[in-house]
Amino acid sequence: MKKSSLRSKSLLLLLIAATTALNSFAQDAGRKTISLNDQWEFNKENGPVEKVNVPHTWNDKDVLDDVPGYYRGLGIYKRKLKLNESAKGKDIYLIFNGVAQEAEVLINGKTAGKHIGSYTHFTVPISPYLNYKNDVIEVRANNRFNEDIPPLTADFTFFGGMYRNVSLLIANQIHFSQKENGSSGVFITTPQVSASAASVQVKSLIDNASSTDKKIQVVTTIFDAKGNAVANKNTAQNINKGASIVVVQDIKSIQQPQLWSPQNPYLYRVVTKIIDVKTKSVIDQVSNPLGFRWFKFDADKGFFLNDKPMKIIGASKHQDYENRGNATPDALQIKDIELLKAMGGNFLRVAHYPQDPQILEACDRLGILASVEIPVVNTITETEAFTATCLNMQTEMIKQNFNHPSIIIWAYMNEILLRLKFSNDKPRQQIYFDHVRQLAQKLDSLTRKEDPSRYTLLVNHGAWDIYNKVGLTKIPMIVGWNLYSGWYSGVPDDFAKFLDRHHKELPNTPFMVTEYGADADPRIRSFSPIRFDKSVEYGVKFNQVYLNAMLSRPFVAGGEAWNLADFNSETREETMPHINNKGLLTIGRDPKDTYFLYQAYLLQKPFIKITSAQWKERGGTADSATLSSTQPVQVATNLKSAELFLNGKSLGVKDAVDHIIEWKVPFIDGNNQIRVIAGDQNDQADIDFQLQPFKFNDSNISFKNINILLGSKRFYIDEEEHQLWMPDQPYKTGAWGWISGDPYKGTNNRITYGSDKNILGTDNDPVYQTQQVGIKQFKFDVPDGEYELALHFAELVGGETKEALAYNLDNNHKKEVEEQRIFDVSINGVSFLPGLNLATDFGYTTAVKKTTRVTVQNGKGISIDFNAIKGKPVLNALQLRKIY
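What counts, and where the lines are drawn
Residues numbered from 1 in each chain as written. Predicted model: local features only at pLDDT ≥ 70, side-chain atom pairs only at ≥ 80, totals over all residues. Heavy atoms only, no water. Helix = DSSP H or I, 4+ residues; strand = E, 2+ residues; numbered from the N terminus. Rg over C-alpha atoms; globule rule 2.2 N^0.38 Å. Buried < 20%, exposed > 50% of the residue type's maximum accessible area, 1.4 Å probe, protein only. Contact = heavy atoms within 4.5 Å. Areas by Shrake-Rupley, 256 points an atom, 1.4 Å probe, with all protein chains shown as cover. Pairing = 2+ DSSP bridges. Axes fitted to C-alpha atoms, helices over the stretch in contact; angles between N-to-C directions. Expected span 1.5 Å × (residues − 1). Core = buried A, V, L, I, M, F, W, Y, C linked by side-chain atoms within 4.5 Å. Phe/Tyr/Trp six-rings, centres within 6.5 Å; stacked < 30°, edge-to-face > 60°. Right-handed = clockwise from strand over helix to strand, strands pointing away. Parallel < 35°, antiparallel > 145°, perpendicular 65-115°, else oblique. Left-handed = near helix turned anticlockwise from the far one by under 90°. Nonpolar A, V, L, I, M, F, W, Y, C, P; charged D, E, K, R; others polar.

Looking only at helices and strands, the protein features eleven helices and 54 strands. Relative to the 2.2 N^0.38 estimate, which gives 29 Å for 884 residues, the radius of gyration of the protein is 31 Å and therefore close to what a compact globule would have. In the protein, buried positions account for 61% of the 884 residues. Restricting to contacts in the protein with at least 6 residues of sequence separation, those with at least 24 account for 71%. Here the protein displays about 34200 Å² of accessible surface, and carbon together with sulfur accounts for 49% of that area.

Below is the structure:
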């Protein structure tokens, strides 16, 4: 917000090295900012020193490895700062946009300031500590667990580091206050707004750190988007030495203002200057955005912006990025908001914490409504220190982001009753509930006092009874519900029932669906998608149900998909360990099918997209007696119907159902060109298809290789090695398949087949997370020749028992019964793996791959036999490749 003008100036100074003397301070703005992102030295406590640039985190790698946990401790940053003596007499500050999570700033070994909290920015005055010769800045950051600092637990990673921009502010001794919780010291409100006229109030806090009294003028000018001045206010003021004053300016002359909205995000610019009356020079200056809009939430009719009804549909967003942790460059932060806008979204839930200033600046500019919240997640600590930290975080969040027209909501809790304490002591639990409610009330009251112009929001998970019993639905102006019917629990149809229940039982309370989603691992596909199979196809079905329910109910103010992009959650395992896959984009921001679905629902202009084109390398078994394999292809569109062509041949016109059209497409071996046409709209994709013979003696289809997942109904795409893994089948004469056994079913009742455990020693976890248990034989009726065979195993039963993750609501684990499993494996009657004991020989949940060559002769094919010695034999996957 307030840093936009500062940042633009700092860009001009990026070439100034840290050792360059700053000789001149004369600027029209009266202040200078310089980026300090470069030339830092960093080390963990007692660790080696390395050179780094900011943004930086020390957790970009260890949150992705197979070792549970990640470094949570002290990190030390140091750099030199050279200022010559002409800087004396200035007020000099360090501005940190984000340091996780406890920060101590030292100048020349002396503490200049401290800050608590990872997600708000803060300013440290450093003038008293400088020698103006060879100064050294040291920042001691610590992301240790601290029971008095939220978040305490959450489904995201608590990265450590100096992970946002750092800058140096050099100001005159009379300046806009740097003591206001990291804000610019200027606060803008619009007391009255209509299409015909608007009024503006500008409140400026000004400090005089000099030793003399001064006569000043505070001049505020409002510029339109073309740079024309549309209003001006000049206030004369005396400011005594060492004093702080507040100047309030009322501007009531804005006629026929351009209104701000997602369709027309018109921004004015408010420039406020402090001018020395005697010299007429500008002592200080700040610039802020201004958008004229008014809004309301109605419990029956939903949300209104500028008196027009608007369904809020958008997404939440975490700040981390692929292989970068939370140290995400400005350009990538801005790109996220551009992707949300391109999706057709009109709202961003900045969750679960305030994010980089670039985010809300982009929302202002692009027309994205927003809510922002502090990270009080899952649970609280019942101490005065925790409460004080929460209140301070809320104050910082509001004051730092006050002037953004995109913000319409301040929030302060998320799923706070997810991790219930004292379940075995009901009287004590009631005391805990009282403390939670009291903290919520304090945060809500603080928010209404600091900013009466916006709404308050408290977000709950779908446990209706307990949130109402504790009283949390009665405190905020808007209630948020995080709902996952059909994912963590229940079925998708339960979602609409919950919406109707809220409207019936809390008829006077507006609400939004603040989270909903289903994991969609972009590498997993299924033609029979089911809950928790992690397939993209299930994600599409899930989002269709939710969007239909929200859009058809006016009383639902809106919904925010969880999440805009996949994000890191170190404690997660599942198909892509440490990653929450509910994003509409991958963690590297590639669109999934679900992103295109939202475009089909939300975009006003004609839209059509072959969503299945994301799956560029396909494969499958030929239909009986044909040279093709029939598989579904989906198209997302906001048009009524479309026609699909395969290699120039029409497959017919079909109508869209819930913005999706599906065709059965007979893919041939090799390249397949798919083209969809609807009026003047079209899309095209090239699909490389590997056709497997229906039977191996089919002379028209040559066998090359095949990769098979046992106990699975899904496809897995190995993106690194460009290999497609197919679901298995029971043995068919002349073809291939297993004989005997059943798919592995884990102890968690939400998973229909397979395991969600992290498989050690591989990035291809889905290859090893399913298996056939009790298998006796697997056969390939291949013709004579030389083949390479690879068998894949992992012991899925046993090993270290880990705490069930709280957000997996339907998490009723049966006790895992560990039994000894020993079996022999032979190939064509020859012993291959005698006495195989996966747990003893390799360890639990560890990828095991055993490869051999097989010479097939006399028309016998390949027969892999599994002989039980103790327990039941298993096979997770296998590969066969013809050599010649």
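Next comes the rest of the description.
This part covers the sheet that holds strand S6 (residues 102-107). If you walk across this open sheet you meet the six strands as S3-S2-S4-S9-S6-S7, and the pairing is antiparallel. The outermost strands of the open sheet, each flanked by one partner alone, are strand S3 (50-52) and strand S7 (110-116). Sheet twist, expressed as the mean angle between neighbouring strand axes with direction ignored, is 25°. One ladder, built from three bridges, connects strand S2 (residues 40-44) with S3; its direction is antiparallel. Of the residues in S3, the one forming a bridge with tryptophan 40 is valine 52.

Along its 17 residues, helix H4 (residues 384-400) runs 24 Å from first to last C-alpha, staying within 8% of the 24 Å computed at 1.5 Å per residue. Of all the 17 residues making up H4, twelve are buried; the element is thus mostly covered by neighbouring parts of the structure. Listed in full, the buried residues belonging to H4 are Phe386, Thr387, Thr389, Cys390, Met393, Gln394, Thr395, Glu396, Met397, Ile398, Lys399 and Gln400. At its buried positions, H4 is contacted by S7, strand S12 (186-193), strand S24 (369-373), strand S25 (407-414) and helix H5 (426-450).

So, about unusual backbone geometry. Each neighbour pair has its own omega, and for valine 54 with proline 55 the value is 10°, a cis peptide bond. Residue placement: proline 55 occurs in the loop between S3 and strand S4 (74-81). Look at the link from alanine 100 to glutamine 101: it is a cis peptide, with omega at -20°. Looking at the element boundaries, glutamine 101 is found in the loop between strand S5 (91-96) and S6. Not every positive phi belongs to a glycine, and asparagine 306 is a case in point at roughly 55°.

A separate point is the sheet that holds strand S36 (residues 641-646). The strand order across the open sheet built from five strands is S34-S40-S39-S36-S37, with neighbouring strands paired in mixed fashion. What marks the edges here is a single partner per strand, and that holds for strand S34 (617-621) and strand S37 (649-655). Averaged over neighbouring strand pairs, the angle between their axes works out to 30° when direction is ignored. As judged from the four bridges shared by S36 and strand S39 (residues 670-678), these two strands associate in the antiparallel manner. Bridge pairing in S39 places phenylalanine 645 opposite arginine 675.

Let us now look at the nonpolar core. Membership of the largest hydrophobic core comes to 104 residues, with the highest contact counts inside it found for Leu472 and Leu499. Beyond its immediate sequence surroundings of up to four residues, leucine 472 is in contact with Ile416, Leu417, Val436, Arg437, Ala440, Leu458, Asn460 and Tyr467. Counting 50 residues, the second-largest nonpolar core is a separate cluster that includes Phe696, Ile708, Trp736 and Val848.

With that settled, consider the packing of aromatic side chains. Taken as a whole and judged by the stated rule, the model has 42 aromatic pairs. Pairing tyrosine 488 with phenylalanine 532 gives two aromatic rings, centres 6.4 Å apart and planes at 55°, and the pair type is tilted. Of this pair, tyrosine 488 sits in the loop between strand S27 (478-482) and helix H7 (494-505) while phenylalanine 532 sits in the loop between strand S29 (524-525) and helix H8 (536-551); the two residues are 44 residues apart in sequence, bridging distant segments of the chain. For tyrosine 488, a relative accessible area of 4% gives the class buried.

Another aspect to go through is helix H9 (residues 593-602). Most of H9 is tucked away: ten of the ten residues are buried. Those residues of H9 that fall on the buried side of the exposure criterion are Asp593, Thr594, Tyr595, Phe596, Leu597, Tyr598, Gln599, Ala600, Tyr601 and Leu602.

The subject of this paragraph is the environment of aspartate 434. Its place among the elements puts aspartate 434 in helix H5. Distance in space between the C-alpha atoms of aspartate 434 and glycine 471 is 9.1 Å, their sequence separation being 37 residues.

A few words on the pairing of strand S23 (residues 347-350). With burial as the criterion, each face of S23 is covered, one bearing Phe347 and Arg349 and the other bearing Leu348 and Val350. With four bridges connecting them, strand S22 (residues 312-317) and S23 associate as parallel partners. Looking at S23, one finds that alanine 315 is bridged to leucine 348. In this fold, S22 hands off to helix H2 (residues 330-343), which returns the chain to S23; that crossover is right-handed.

For the pair H7 and H8, interaxial distance at closest approach is 9 Å and the crossing angle is 25°. It follows from the interaxial angle that H7 and H8 lie roughly parallel. Crossing hand, H7 versus H8: right-handed. Two secondary-structure elements touch here, H7 through Phe495, Ala496 and Leu499 and H8 through Tyr546, Ala549 and Met550. Classifying every residue of the contact of H7 with H8 by side-chain character gives six nonpolar, no polar and no charged.

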